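Listed below are the residues making up each chain.
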Amino acid sequence: MIPFLDFKQLNAELRDELIAACARVIDSGWYINGPEVEAFEAEFARYCGVAHCIGVANGLDALVLVLRAWLQMGRLREGDEVIVPSNTFVASVLAVSQNRLTPVLVEPDPRSFNLCPQRLEQALSDRTRVVLPVHLYGQLADMPRIADWARRHGLLVLEDAAQAHGARLGGRSAGAWGDAAGFSFYPGKNLGAIGDAGAVVTDDQDLADVLAALRNYGSREKYHNERLGVNSRLDEIQAAMLRVKLRALDRSIEQRRAIAQVYGSRIRNPLIELPVLAMDEPESHVWHLYVVRTADRDGLQRHLAQAGVGSLVHYPVPPHRQQAYAGAFRDRYPLSEHLHDTVLSLPLGPYLSLAQIDAVVDACNSYR
Ligand SMILES: *Cc1c(COP(=O)(O)O)cnc(C)c1O
C-alpha cells in the first residue's frame, strides 16, 4: 500500500540532523522564546523576502492573532467584514469568526480552486475591511489582481499561506503579497515541524511589535502586560526542527514539482481532470496537494485503494456546510459544494520512489 502521506518518511532523510538539533535544545536548558526561535524567525523572514517573522503555536493562531492585532490597533472593529474563499480549510473562516468579525464567502475560480478576483466586487460592502486569500493546495492565489483590487478599495490583505511555503510569482513569495500572512508548520505541510507550529510574516513593524506581545500574554517585558494577549508561542524545539527542515525546503519542493509533472504528463484518463497552473508559472505552485477531480469521486477512491494507492479528500465538507456554522451563512455556494464533492488528492510525498509514482499513474489510468 502507498499511503496518502507517510509522516515518518517525510523526516527520514533528515532524521540525524533533527535529533542533533533536538539534543542541542535539550542541552541548552532554554526551551521558550530563545535563540532557536529568534534564528528561525530571521531565516524564515529572509526566505519569504519580508522584514519580520513572528513564531506562534500553530497556523490557526497565526491568522487569529493578525486579525486580533488589527482590532487592538484600531484598524478593524468588531463586525467588520472579511472576504474569505468559500472553499478552504475551516481554519481560514474560524480565524475570522473567533475575532467576532464577519466572514463573507466568495466562490472560487474552478480552474485554480482559489479566490476568484472577478467575484470580489459583488462581495464588497461598506463594512468590508479585509481580504483573506488562501493559496489552496500550494498554488498562489491571483495575488497581483487581488492585492491591486484590495489596495484600490483601501482594504487590508491577510494571506493564508499555510499550504504554500515557497510559492512564488515574479520572484515574490507567498507571504510577501499581503499586509501580513499566516503560515502553518503542521507536520504534513510542505514545511512541517515535529508537532504544531506556525508563524506570521509581515513588513509592518508596528504589527510585528503588537504580535510579539500578543503571543506572549500581551507582554514583551516579563510580568508587564501591555495588552490582552494569549499564550501562543513557538517552542524552541520546534523552531530548531524547522531550521533543519527549512534548509531542505527548496529541494523538497523541486521533488514535489517533478512528481506533479509526471502525474500531469502520464495520467491520461478522460474521467479524471488534472490540476492546472492557473498563472502559467511553475514557481507559483509548490504542490502541497495534487488534487484531481472526477464525477464519481468515491468510486475513484475505492478503485485506487484496491490498486494499493491511498488518497484523501481535501475537503469533504465546505466551511458553510459545517455543523459549527449552521445558520451562519444565508447564501448558497454551489461551485464550492461541487468541488468538495468531486476532488481527490493523490499521494505526493517528496520521498515517493519511481516505482510508487508509476503505481499511482497506472492505478489512475486503469480507472473506468
Ligand atoms: C493547515 C491549515 C491551517 C491551520 O494550520 P494549523 O497549524 O493546523 O493550525 C490554516 N489554513 C489552511 C489553508 C491550512 O491548510
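Just above sits the structure.
As the structure is a prediction and not an experimental result, all values here were calculated from the model.

**Q** So what's going on with the site of the ligand? Residues and values would help.
**A** If you check the shell around the ligand, you find Asn58, Gly59, Leu60, Phe89, Ala91, Val134, Asp160, Ala162, Gln163, Ser184 and Lys189 and nothing else. Backbone polar atom of Leu60 to an oxygen atom of the ligand: 2.9 Å apart, as the coordinates give it. Within the side chain of Ser184, an N or O atom sits 2.6 Å from an oxygen atom of the ligand. In the complex, the protein chains occlude 90% of the 380 Å² of accessible area that the ligand would expose alone. Because more than half of its atoms lie within 2 Å of the grid, the ligand is assigned to the largest pocket.

**Q** So, the layout of surface pockets: which residues are in play, and what are the values?
**A** There is about 580 Å³ of room inside the largest pocket. Secondary structure elements with two or more residues in the lining of the largest pocket: helix H4 (59–72) and helix H5 (90–97). If you tally residues by element for the lining of the largest pocket, the top one is H4, at three residues. Looking at the lining of the largest pocket residue by residue, the classes come out as 17 nonpolar, 10 polar and four charged.

**Q** Let's hear about the packing of helix H9 (residues 249–266) against helix H12 (residues 354–365): which residues, and what values?
**A** In contact at an axis separation of 10 Å, H9 and H12 are set at 30° when each is read in the N-to-C sense. By the angle class used here, H9 and H12 are roughly parallel. The handedness of the crossing between H9 and H12 comes out as right-handed. Facing H9, whose interface residues are Ile259, Val262, Tyr263 and Arg266, H12 presents Ile357, Asp358, Val360, Val361, Asp362 and Asn365. Its residues placed into classes, the contact of H9 with H12 shows six nonpolar, one polar and three charged.

**Q** Help me get a handle on a nonpolar patch on the surface, residues and values and all.
**A** Side chains of Ile26, Tyr31 and Ile32 sit close together on the surface and give an oily, nonpolar patch of about 280 Å² of accessible area. Position of Tyr31 among the secondary structure elements: in the loop between helix H2 (15–28) and helix H3 (35–48). Taking the relative accessible area as the measure of exposure, Tyr31 reaches 44% and is therefore partly exposed.

**Q** A description of helix H11 (residues 334–342) should follow, citing residues and the corresponding values.
**A** Among the residues of H11, Ser336, Glu337, Leu339, His340 and Thr342 are the ones counted as buried. In this structure, the buried side of H11 is in contact with strand S12 (290–293), helix H10 (297–306) and strand S13 (343–346).

**Q** Would you mind going over the pattern of salt bridges in detail, with residue names and values included?
**A** Following the criterion strictly, the structure yields 21 salt bridges and no others. Asp142 is the salt-bridge partner of Arg145, the closest N and O atoms lying 3.1 Å from each other. Under the relative-accessibility criterion, Arg145 is labelled partly exposed at 42%. Judged by relative accessible area, Asp142 falls into the buried class, the value being 17%. Among the charged side chains, a network of salt bridges with common partners joins Arg24, Glu36, Glu43 and Arg243.

**Q** Which residues make up the pairing of strand S2 (residues 81–85), and what values do they have?
**A** The element S2 is extensively covered by neighbouring structure, given that five of its five residues are classed as buried. Alternating residues of S2 divide into Glu81, Ile83 and Pro85 and Val82 and Val84, and every residue in both groups is buried. Judged from the five bridges that link them, S2 and strand S3 (residues 102–106) form a sheet pairing that is parallel. Of the residues in S3, the one forming a bridge with Ile83 is Val104. Viewed along the sheet, the connection from S2 through H5 into S3 turns out right-handed.

Conventions and cut-offs
Residues numbered from 1 in each chain as written. Predicted model: local features only at pLDDT ≥ 70, side-chain atom pairs only at ≥ 80, totals over all residues. Heavy atoms only, no water. Near = heavy atom within 4 Å. Polar contact = N/O pair within 3.5 Å; in protein donor to acceptor, adjacent residues only side chain to side chain. Areas by Shrake-Rupley, 256 points an atom, 1.4 Å probe, with all protein chains shown as cover. 1 Å grid on protein atoms, 1.4 Å probe; cavity = no way out; pocket = protein on both sides within 12 Å on 5 of 7 lines; lining within 4 Å. Sits in = over half its atoms within 2 Å of the grid points. Points joined across faces, edges and corners; volume = space filled by probe spheres on them. Helix = DSSP H or I, 4+ residues; strand = E, 2+ residues; numbered from the N terminus. Nonpolar A, V, L, I, M, F, W, Y, C, P; charged D, E, K, R; others polar. Axes fitted to C-alpha atoms, helices over the stretch in contact; angles between N-to-C directions. Parallel < 35°, antiparallel > 145°, perpendicular 65-115°, else oblique. Left-handed = near helix turned anticlockwise from the far one by under 90°. Contact = heavy atoms within 4.5 Å. Patch = residues over 30% accessible without salt bridge, like charges linked within 9 Å, V, L, I, M, F, W, Y side chains within 5 Å. Salt bridge = Lys/Arg side-chain N within 4 Å of Asp/Glu carboxyl O. Buried < 20%, exposed > 50% of the residue type's maximum accessible area, 1.4 Å probe, protein only. Pairing = 2+ DSSP bridges. Right-handed = clockwise from strand over helix to strand, strands pointing away.

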